[in-house]
Amino acid sequence: MYCLQWLIPVLLIPKHWIHPIFLVEQALFMWFYIVGFFFERRPCHICSGIFFIALALICYSDPDSCIFWPTCTKKLNGEVCNYVYRDRVLP
């Protein structure tokens, strides 16, 4: 279970709320980090299973909050994502 200490913080990183164009860069960085981590550290099967089940539950419950998919429902002519518009623009 030592390998989980490097995987669990990845699930806690929030999605960008600055501009939707940065979502692609963040998703690519996260994918490269995960692939590099699995090549370098080779975590055990149990830790990998726990990580992917947690990732699947997070992404299934709210696809807009999943940092591995660079998509969001856009508002204001594509300038802001819907989850930012709900939380920051509307009171």
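Residues numbered from 1 in each chain as written. Predicted model: local features only at pLDDT ≥ 70, side-chain atom pairs only at ≥ 80, totals over all residues. Heavy atoms only, no water.

Under the annotation held in an unreviewed UniProt entry, the protein carries the name Bladder cancer-associated protein and is attributed to Caenorhabditis latens. Under Subcellular location (unreviewed entry), UniProt gives the following word-for-word description of the protein: "Membrane". The Sequence similarities (unreviewed entry) comment attached to the protein in UniProt states, word for word, "Belongs to the BLCAP family." (UniProt positions renumbered as here; feature names shortened; annotations may be inferred.)

Undergrad: Describe the UniProt feature "transmembrane region" (unreviewed entry) in the protein, and please don't skip the residues or the numbers.
TA: Look at the UniProt record and you will see "transmembrane region" (unreviewed entry) annotated at residues 17–39 and 46–63. With 89% helix and 0% strand, residues 46–63 has end C-alpha atoms that lie 25 Å from one another. (Helix = DSSP H or I, 4+ residues; strand = E, 2+ residues; numbered from the N terminus.)

Undergrad: An account of the state of the cysteines is needed here, citing residue identities and associated values.
TA: Counting across every chain of the model gives 1 disulfide. A disulfide bridge connects C59 with C66, and the sulfur atoms are separated by 1.9 Å. A torsion of 50° about the S-S bond marks the disulfide between C59 and C66 as right-handed. The burial state of C59 is the same as that of C66; both residues are buried. Here C44 stays unpaired: no disulfide links it, and the sulfur of C47, its closest cysteine neighbor, is 3.2 Å away. Look at C44 and you get partly exposed, because its relative accessible area is 32%. (Disulfide = S-S within 2.5 Å. Buried < 20%, exposed > 50% of the residue type's maximum accessible area, 1.4 Å probe, protein only.)

Undergrad: Pulling in residues and values, what's your account of the packing of aromatic side chains?
TA: Going through the model one piece at a time under the given rule, you end up with 5 aromatic pairs. For the pair Y33 and F37, a centre-to-centre distance of 6.3 Å together with 20° between the ring planes defines the contact as stacked. Of this pair, Y33 and F37 both sit in helix α2 (residues 22–41), 4 residues apart, roughly one helical turn. Look at F37 and you get buried, because its relative accessible area is 5%. Residues F51 and F52 carry aromatic rings whose centres are separated by 5.3 Å and whose planes lie at 65° to one another, so their mutual orientation is edge-to-face. The class of F52 is partly exposed, set by a relative accessible area of 40%. By the ring-pair criterion, three or more aromatic residues cluster together here, those being Y33, F37, F38, F51 and F52. The residue whose ring lies beneath R41 is W6, and the NZ or CZ to ring-centre distance is 5.1 Å. (Phe/Tyr/Trp six-rings, centres within 6.5 Å; stacked < 30°, edge-to-face > 60°. Lys NZ or Arg CZ within 6 Å of the ring centre and 35° of its normal.)

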